[in-house]
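Descriptive analysis of the structure
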Amino acid sequence: MDTNDKKIIIAIDGYSSSGKSTMAKSLAKAIGYKYVDTGAMYRAVTLYAMRHGMIGANHTVNIPAIEEALHKIDITFTLMPDGTQHTLLNGEDVENLIRQLDLSENVSPVSAIPAVRQNLVRKQQDFGKERGIVMDGRDIGTTVFPDAELKIFVNAPAATRAMRRVKELQEKGVPVSYDKVLANVVSRDRQDETRAESPLRRAEDAVDLDNSNLTLKEQDAILIKLYNDRISC
Ligand code: DC
């Protein structure tokens, strides 16, 4: 049997700041798979739209302008010497810029635009063509790869997730208030769950994982076990 036959697709979905990315990155590294952060792709499109005056006050988005610009937006990932993965927007390293709070406040309306979703879903499906990939997001197990062999749905209470995000931003030297971050997490949850086009939804065949009380080591062990169980089927 070709070794590619054994390569699977692992979809990790869940709410914002639920720790999906940490989980997905760590699993991909342990099993030698590619990792794709789809949230970073929606964030990169949002950055492009903000830079080109397509988002106004109160997060109003100029949908026709964004639709028209999609063909000019190239999103790729690059591995840094320290092993971390950075997002490139038309070749520019935008990894830090796309994590800023002002951008996070604009990303939900941009990611609700059907043409944006269709464009990015196609790119994500291309990334997974050869399988052997861990992808995290909101709709990976439901829309991008409904046939993924392993689907995980991650959750933790909003307050826990907001606290994690504050720590993450502080470590990067970005000053933030906990209340503002919590409000952003709650509002993004609501927008992600209620948008018309592929809303955040748990796939029926997903394994639930609440990681609020798990150490990273425990979390990694659970993931490796789930992966080993799937590939030995
Ligand atoms: O995972 P994140 O917080 O970096 O995601 C940023 C935003 O992108 C989030 O508010 C919802 C959106 N998103 C999405 O709609 N679908 C995905 N597959 C991934 C993210």
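Here, the structure is the one placed above.
Right, let's walk through the structure included here.

Rules behind the numbers
- Residues numbered from 1 in each chain as written.
- Predicted model: local features only at pLDDT ≥ 70, side-chain atom pairs only at ≥ 80, totals over all residues.
- Heavy atoms only, no water.
- Helix = DSSP H or I, 4+ residues; strand = E, 2+ residues; numbered from the N terminus.
- Contact = heavy atoms within 4.5 Å.
- Salt bridge = Lys/Arg side-chain N within 4 Å of Asp/Glu carboxyl O.
- Buried < 20%, exposed > 50% of the residue type's maximum accessible area, 1.4 Å probe, protein only.
- Phe/Tyr/Trp six-rings, centres within 6.5 Å; stacked < 30°, edge-to-face > 60°.
- Pairing = 2+ DSSP bridges.
- Axes fitted to C-alpha atoms, helices over the stretch in contact; angles between N-to-C directions.
- Polar contact = N/O pair within 3.5 Å; in protein donor to acceptor, adjacent residues only side chain to side chain.
- Near = heavy atom within 4 Å.
- Areas by Shrake-Rupley, 256 points an atom, 1.4 Å probe, with all protein chains shown as cover.

**A closer look at the side chain of R117**
- Among the structural elements, R117 can be located in helix α5 (residues 114–127).
- Those residues within four positions of R117 in sequence are excluded, and the remaining contacts are Y42, S111, D139, R195, E197 and S198.

**Regarding the pattern of salt bridges**
- Applying the stated criterion across every chain yields a total of 15 salt bridges.
- The salt bridge involving R161 is made with D189; its shortest N-O contact spans 2.7 Å. One end of the pair, R161, is in helix α7 (residues 158–171); the other, D189, is in helix α8 (residues 178–194), with 28 residues separating them in the sequence.
- With a relative accessible area of 9%, D189 lands in the buried category.
- With a closest N to O distance of 2.6 Å, R165 and E168 form a salt bridge.

**Concerning the packing of aromatic side chains**
- Applying the stated rule across the entire model yields 3 aromatic pairs.
- Considering the side-chain rings of Y15 and F153, the 6.1 Å spacing of their centres and the 80° angle between planes classify their relative orientation as edge-to-face. Of the two residues, Y15 sits in the loop between β1 (9–14) and α1 (20–31) while F153 sits in strand β7 (residues 150–155), which places them 138 residues apart along the sequence. Each member of the pair Y15 and F153 is classed as buried.
- Between the aromatic rings of Y33 and Y227, the centroid separation amounts to 5.8 Å while the plane-to-plane angle is 85°, which identifies the pairing as edge-to-face. A residue pair is termed long-range when its members are at least 10 positions apart, and Y33 in the loop between α1 and β2 (34–37) and Y227 in helix α9 (residues 216–231) qualify at 194 residues. The residues Y33 and Y227 share a single accessibility class, namely buried.

**Quick look at the sheet that holds strand β8 (residues 207–210)**
- Strands sit in the order β2-β6-β1-β7-β8 across an open sheet of 5 strands; the sheet is parallel. In this open sheet, the two edge strands, each paired with only one partner strand, are β2 and β8. Across the sheet, the mean angle separating the axes of adjacent strands is 20° when strand polarity is ignored.
- For β7 and β8, the ladder comprises 4 bridges, and the chain directions are parallel. Looking across to β8, one finds that I152 is bridged to V207.

**Here we look at the side chain of R195**
- The topology assignment puts R195 in the loop between α8 and β8.
- Judged by its relative accessible area of 9%, R195 is buried.
- Here the side chain of R195 touches E197 through a polar contact of 3.0 Å, landing on its backbone oxygen.
- Excluding residues within four positions of it along the chain, R195 makes contact with S111, A112, R117, R138 and L200.

**A look at the site of the ligand**
- Around the ligand sit 16 residues, and of these R43, R117, R138, D139 and R188 come closest.
- Taking R117, its side chain carries an N or O atom lying 2.8 Å from an oxygen atom of the ligand.
- Contact distances for the ligand include 2.9 Å between an oxygen atom and a side-chain N or O atom of R195.
- Coverage of the ligand by the protein chains reaches 97% of its 450 Å² of free accessible surface.
- Put simply, the parts of the chain that give the shell around the ligand at least two residues each are α2 (38–51), α4 (101–111) and α8.
- With 4 residues, the single largest contributor to the shell around the ligand is α2.

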